[in-house]
Amino acid sequence: MNWAALTTTAPELAALSEERFGAHRHHVLATLRRDGSPRTSGLEVRFLGGELWLGMMPNSLKALDLLRDPRFALQANPGADMGSGDVRISGRAFEVEDGAARAAYVEEVEPPQPFHLFRTELTEVVRTYVEDETYLVAQVWKPGEPVRTLRRR
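Residues numbered from 1 in each chain as written. Predicted model: local features only at pLDDT ≥ 70, side-chain atom pairs only at ≥ 80, totals over all residues. Heavy atoms only, no water.

1. A short note on the overall build of the protein
(1) Moving on: Within the protein, the regular secondary structure consists of 4 helices and 9 strands.
(2) Moving on: Counting from the amino terminus, the protein carries its helices and strands in the arrangement α-α-β-β-β-β-α-β-β-α-β-β-β.
(3) Moving on: Taking 153 residues into account, the globule formula puts the C-alpha radius of gyration at 15 Å, and the protein, at 16 Å, falls close to it.
(4) Moving on: Projected onto the principal axes, the alpha-carbon positions of the protein cover approximately 50 × 35 × 30 Å.
(5) Moving on: The buried share of the protein, taken over its 153 residues, is 39%.
(6) Moving on: For the protein, the exposed area adds up to about 8,500 Å²; of that, 50% sits on carbon and sulfur atoms.
(7) Moving on: Between the averaged position of the 19 positive side-chain charges in the protein and that of its 22 negative side-chain charges there is a distance of 7 Å. (Helix = DSSP H or I, 4+ residues; strand = E, 2+ residues; numbered from the N terminus. Rg over C-alpha atoms; globule rule 2.2 N^0.38 Å. Buried < 20%, exposed > 50% of the residue type's maximum accessible area, 1.4 Å probe, protein only. Areas by Shrake-Rupley, 256 points an atom, 1.4 Å probe, with all protein chains shown as cover. Lys, Arg positive; Asp, Glu negative; His and termini not counted. Charge placed at Lys NZ, Arg CZ, Asp CG, Glu CD.)

This is how it looks when you write it as structure tokens:
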């Protein structure tokens with residue numbers, strides 16, 4: 001499932017997620033090192049053409065991690081204002097080396113060359129926020145399931 005699938009099945013959660021990621025330039029990506037331990041790195045993301053794209057410098061450790069094991073977790077930079085909550089995205093990332101999608105990305109973003117470009121397949125999107133200063137609310141989306149909303153006092 002790509003980003004377009006989320007925007008179709010859970011448009012409100014998709015819009016809020018894009019808003020959170022759009023509020024700041026840099027976010028935190030978690031990948032898996034060769035030994036299975038986590039690695040966190042700063043990253044810029046783009047939502048273009050129904051996809052969530054991850055662009056990286058050539059042979060960066062996070063890119064090498066994803067080439068070896070495509071699983072990732074991505075957390076939006078919360079900044080100083082957590083009013084609209086926290087967003088985390090999990091999935092798998094696959095390198096796009098050529099073709100129309102890469103050309104469209106290059107035309108839109110104009111990234112420094114060379115670079116790695118990964119398209120993502122989502123496995124989970126979670127938005128967490130505080131409601132009425134009383135409840136911790138988590139909205140959870142997984143492919144093929146409706147958004148679940150969990151509230152804790």
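After that view of the structure, there is still more to cover.
2. Focus: the UniProt feature "domain: Pyridoxamine 5'-phosphate oxidase N-terminal" (unreviewed entry) in the protein
(1) Moving on: The sites that carry the UniProt feature "domain: Pyridoxamine 5'-phosphate oxidase N-terminal" (unreviewed entry) are, in the present numbering, residues 23-125.
(2) Moving on: Note that residues 23-125 is 17% helix and 46% strand, and that its end C-alpha atoms are spaced 17 Å apart. (UniProt positions renumbered as here; feature names shortened; annotations may be inferred.)

3. Section: the nonpolar core
(1) Moving on: Counting 24 residues, the largest nonpolar core has Leu-6, Leu-54, Leu-74, Ile-89 and Val-125 as its most contacted members.
(2) Moving on: Counting residues per element, the ones that place at least two in this core are helix H1 (3-9), helix H2 (11-22), strand E4 (51-56), helix H3 (61-68), strand E5 (71-75), strand E6 (86-95) and strand E7 (116-131).
(3) Moving on: Not counting residues up to four positions away in its chain, the partners in contact with Val-125 are Trp-3, Leu-6, Leu-13, Ser-17, Val-87, Arg-88, Ile-89, Gln-139, Val-140 and Trp-141.
(4) Moving on: Membership of the second largest hydrophobic core comes to 6 residues, among which are Trp-53, Val-96, Val-109 and Phe-115. (Core = buried A, V, L, I, M, F, W, Y, C linked by side-chain atoms within 4.5 Å. Contact = heavy atoms within 4.5 Å.)

4. Some words on H3
(1) Moving on: All of the buried residues along H3 are Lys-62, Ala-63, Asp-65 and Leu-66. Projected down its long axis, H3 carries its buried residues within an arc of 160 degrees, all on one side.
(2) Moving on: Turning to H3, the residues buried within the fold contact strand E1 (27-32), strand E2 (38-43), E4, E5, E6 and E7. (Arc of directions from axis to C-beta.)

5. A word on the packing of aromatic side chains
(1) Moving on: One pass over the full model with this rule turns up 4 aromatic pairs.
(2) Moving on: Aromatic side chains Phe-21 and Phe-47 sit 6.0 Å apart centroid to centroid with 65 degrees between the ring planes, which places their arrangement in the edge-to-face category. Here Phe-21, found in helix H2, pairs with Phe-47, found in strand E3 (residues 45-48); they are 26 residues apart in sequence, far enough to count as distant.
(3) Moving on: Phe-21 sits in the buried class, given a relative accessible area of 4%.
(4) Moving on: In this structure an aromatic cluster arises from ring pairing among Trp-3, Phe-21 and Phe-47.
(5) Moving on: Taking the ring centre of Phe-115 as reference, the NZ or CZ of Arg-102 above it sits at 4.1 Å. (Phe/Tyr/Trp six-rings, centres within 6.5 Å; stacked < 30°, edge-to-face > 60°. Lys NZ or Arg CZ within 6 Å of the ring centre and 35° of its normal.)

6. A few points about H2
An α-helix turns once per 3.6 residues; consequently, residues spaced three or four apart project the same way.
(1) Moving on: Between its first and last C-alpha atoms H2 spans 16 Å; for 12 residues at 1.5 Å apiece the expected length is 16 Å, and the two agree.
(2) Moving on: Within H2 the residues assigned to the buried category are Leu-13, Ala-14, Leu-16, Ser-17, Arg-20 and Phe-21. The arc that holds the buried residues of H2, viewed along the axis, is 165 degrees, so those residues lie on one side. Facing away from the buried side of H2, by more than 90 degrees, are the exposed residues Pro-11, Glu-12 and Gly-22. (Expected span 1.5 Å × (residues − 1).)

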